[in-house]
Amino acid sequence: MATTTTATSSDQGIPTGQGPVTRPNLTAVGTMVWLSSELMFFAGLFAMYFTIRSVAHPLWTDRTSHLNVPYAAANTAVLVISSVWCQLGVFKAEAGIPSRTGKLLQLGSWGMREWYVLTYIFGAIFVSGQVMEYSNLFAEGISLNSDSYGSMFYLTTGFHGLHVTGGLIAFLLIIGRTFTSRKYTHHQATGAIVTSYYWHFVDVVWIALFATIYLLQ
C-alpha cells in the first residue's frame, strides 16, 4: 500500500522560517500594510491643511512670506539624496554584503553598512535643518499656538520630522546588528530592505509637503 508524505520546508531545501518561494515575504507585506495606514494619516493632515487654508487665505498670504524657500529646497535635496544612498545600501543587502570589502575611500567596495551610515548622516542633517528653520520661524512669531497657519505648519512638518527621526533610529538598529552578528542572515537583509521602504515613503511624503507648503503656499 502506497503512502504519501507531506514535504516540509526543510525537505524542499528551503531555509526554515522563509516558507515556499511562492509565498510573499510576510515582513515586507506587513510593512507595506503599515505604510498604507501611515499614508492615510498624512492624507488627513493634507486635508486639514487645505481646508483651513481655504477659509483663512489672507492669513496664509501673510505667513508664507516668512518661509525661506531656497533653504527648504536645499534641505529637501539632502533628504532626496539620502534615498539614493539608502537604495545603494539595499542592493548590497540583497547581495549579502553587510560591510565594505576594501578601503573606506573605495566606494565600489562599500557594503550595506557604509551606505546606511551615509543615509543616516544625510537624514540627521535634514532634521537639524528643520530644527533651525523652526527656530527662525519662532523668532518671527510663528509658533504652534500663534494662529491656524502656525498650527498646520508645525503639525504637518513636525509629524513628518518625527517619522524621519524614527527612520534614523531604525537605521541605527540595522547598522548595529552588522557589528553584533557573526553571520549576515536573510532575516537581517530583510530588515534592511523594509527599512528602506519606510525611508523612501517619508521622502515621498516630504516632497508632497514641500510642494504644498513652500511652492503652492
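On a predicted model such as this, the values are computed, not experimentally measured, just so you know. (Residues numbered from 1 in each chain as written. Predicted model: local features only at pLDDT ≥ 70, side-chain atom pairs only at ≥ 80, totals over all residues. Heavy atoms only, no water.)

(A) Layout of the overall build of the protein chain. Secondary structure summary: the protein chain contains 6 helices and 0 strands in total. When the helices and strands of the protein chain are placed in sequence order, the string is α-α-α-α-α-α. Sorting the 217 residues of the protein chain into buried and exposed places 41% on the buried side. Within the protein chain, counting contacts between residues at least 6 apart in sequence, those at least 24 apart form 74% of the total. By element, 68% of the accessible surface of the protein chain is carried by carbon and sulfur atoms, the whole surface being about 11,900 Å². (Helix = DSSP H or I, 4+ residues; strand = E, 2+ residues; numbered from the N terminus. Buried < 20%, exposed > 50% of the residue type's maximum accessible area, 1.4 Å probe, protein only. Contact = heavy atoms within 4.5 Å. Areas by Shrake-Rupley, 256 points an atom, 1.4 Å probe, with all protein chains shown as cover.)

(B) Just the nonpolar core, in detail. One finds Tyr-116, Tyr-149, Phe-153, Trp-199, Ile-213 and Tyr-214 to be the most contacted residues of the largest nonpolar core, which totals 43 residues. Secondary-structure elements contributing two or more residues to this core are α1 (26–55), α3 (69–94), α4 (112–139), α5 (148–180) and α6 (186–216). Beyond its immediate stretch of four places on either side in the chain, Tyr-116 contacts Cys-86, Gly-89, Val-90, Phe-171, Ile-174, Ile-175, Ala-192, Ile-193 and Ser-196. Listed in part, the 5 residues of the second largest apolar core include Trp-110, Trp-115, Leu-118 and Phe-122. (Core = buried A, V, L, I, M, F, W, Y, C linked by side-chain atoms within 4.5 Å.)

(C) View of the packing of α5 against α6. Axis separation between α5 and α6 bottoms out at 10 Å; the angle between their running directions is 160°. The angle between the axes of α5 and α6 places the two elements in the roughly antiparallel class. Of the two possible hands of crossing, α5 and α6 adopt the one that is left-handed. Of the residues belonging to the contact of α5 with α6, the class tally is 16 nonpolar, 11 polar and 1 charged. (Axes fitted to C-alpha atoms, helices over the stretch in contact; angles between N-to-C directions. Parallel < 35°, antiparallel > 145°, perpendicular 65-115°, else oblique. Left-handed = near helix turned anticlockwise from the far one by under 90°. Nonpolar A, V, L, I, M, F, W, Y, C, P; charged D, E, K, R; others polar.)

(D) The side chain of Thr-195, seen in detail. Within the secondary structure, Thr-195 is located in helix α6. Residue Thr-195 is classed as buried on the basis of its relative accessible area, which comes to 9%. Filtering out sequence-adjacent residues up to four positions away, Thr-195 remains in contact with Ala-170, Phe-171 and Ile-174.

(E) Inspection of the side chain of Glu-38 at higher detail. Here Glu-38 shows up in helix α1. For the buried Glu-38, which has no salt bridge, the nearest side chain bearing the opposite charge is Arg-177, at an N-O separation of 20 Å. There is a polar contact of 2.2 Å between the side chain of Glu-38 and the side chain of His-163. (Lys, Arg positive; Asp, Glu negative; His and termini not counted. Salt bridge = Lys/Arg side-chain N within 4 Å of Asp/Glu carboxyl O. Polar contact = N/O pair within 3.5 Å; in protein donor to acceptor, adjacent residues only side chain to side chain.)

(F) Local environment of α6. Between its terminal C-alpha atoms α6 stretches 44 Å, which fits the 45 Å expected from 31 residues at 1.5 Å a residue. Downstream of α6 by one or two residues, Gln-217 has phi in the positive range, about 50°. (Expected span 1.5 Å × (residues − 1).)

These values are about where atoms sit, not about what they do.
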